[in-house]
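Descriptive structure summary
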Amino acid sequence: MSNESDSDLIFKALAHRRRREILDMLKDGPRTTGMLCETFTDMDRCTVMQHLKVLEEADLVIAKKDGRERWNHLNSLPIKQIHDRWISAYAGHALSILDQLKNDLES
C-alpha cells in the first residue's frame, strides 16, 4: 500500500455491503458487468457501474474490455495489504492479552 489515502479508498470500498457482495462474486472468478447486473436485480445497471467504479478506484477490481464485454477481475492484493497493516497487528495484540489472561487464571 503506497500511502494512507490508498487505504482510505479501500476502506471506503469495503464499507458498503453491495460492494462486498460484488467482491464475493468475483472471488469465484471474473464476471462481466452484465452478469453482475443480472445477479443484483434490485439495482439498475448504472448503480452497479457506480459500485464497480468505487472498487476500481480502490484497485480491488480490474476491468478488461473484450469486444463489447467488460470483464471484472478481483484484485485481492489490497485486501491482503489491509490485513497485513491492520488486522494481523491487532490480532497479535489480542492474542497476547488472551494468553496473559489464561496464565493469570491458571496461577
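Rules used in this analysis
- Residues numbered from 1 in each chain as written.
- Predicted model: local features only at pLDDT ≥ 70, side-chain atom pairs only at ≥ 80, totals over all residues.
- Heavy atoms only, no water.
- Pairing = 2+ DSSP bridges.
- Helix = DSSP H or I, 4+ residues; strand = E, 2+ residues; numbered from the N terminus.
- UniProt positions renumbered as here; feature names shortened; annotations may be inferred.
- Phe/Tyr/Trp six-rings, centres within 6.5 Å; stacked < 30°, edge-to-face > 60°.
- Lys NZ or Arg CZ within 6 Å of the ring centre and 35° of its normal.
- Contact = heavy atoms within 4.5 Å.
- Axes fitted to C-alpha atoms, helices over the stretch in contact; angles between N-to-C directions.
- Salt bridge = Lys/Arg side-chain N within 4 Å of Asp/Glu carboxyl O.
- Buried < 20%, exposed > 50% of the residue type's maximum accessible area, 1.4 Å probe, protein only.

Identification of the protein chain as DNA-binding transcriptional ArsR family regulator from Rhizobium miluonense is taken from an unreviewed UniProt entry.

**Quick word on the pairing of strand β2 (residues 61–66)**
Here 6 bridges tie β2 to strand β3 (residues 69–74), and the two strands are oriented antiparallel to one another. Bridge pairing links Ala-63 to Asn-72 in β3. Here β2 folds back onto β3, and the loop between the two strands holds 2 residues, one of which, Gly-67, carries a positive phi near 65 degrees.

**Focus on the UniProt feature "domain: HTH arsR-type" (unreviewed entry) in the protein chain**
UniProt records the feature "domain: HTH arsR-type" (unreviewed entry) at residues 9–84, using the numbering of this structure. Taken end to end, residues 9–84 has its terminal C-alpha atoms 16 Å apart, with 61% of it in helix and 18% in strand.

**Looking at the packing of aromatic side chains**
Using the criterion set out here, one finds 1 aromatic pair in the structure. For the ring pair Phe-11 and Trp-86, a centre distance of 6.4 Å and an interplane angle of 75 degrees mean the geometry is edge-to-face. Residue Phe-11 is found in helix α1 (residues 4–15), and its partner Trp-86 is found in helix α5 (residues 77–106); the two are separated by 75 residues along the sequence. The side chain of Arg-85 reaches across the aromatic face of Trp-86, ending 4.0 Å from its centre.

**So, the sheet that holds strand β1 (residues 31–32)**
With respect to topology, 3 strands assemble into an open sheet ordered β1-β3-β2, the strand pairing being antiparallel. With one partner strand each, in any of the chains shown, β1 and β2 form the two edges of the open sheet. With respect to the sheet, helix α2 (residues 17–27) is in contact with β1, β2 and β3, its orientation differing from that of β3 by roughly 90 degrees. Helix α4 (residues 45–57) contacts β2 and β3 of the sheet and is inclined by roughly 115 degrees relative to β2.

**Topic: the pattern of salt bridges**
Taken as a whole and assessed by the stated rule, the structure comprises 8 salt bridges. Across the pair Glu-57 and Lys-53 runs a salt bridge whose closest N-O atoms are separated by 3.4 Å. One end of the pair, Glu-57, and the other, Lys-53, are both in helix α4, 4 residues apart, so they sit about a helical turn from each other. The exposure class assigned to Lys-53 is exposed, which follows from its relative accessible area of 51%. In the salt-bridge network here, residues are joined through shared partners; they are Arg-17, Arg-18, Glu-21 and Asp-42.

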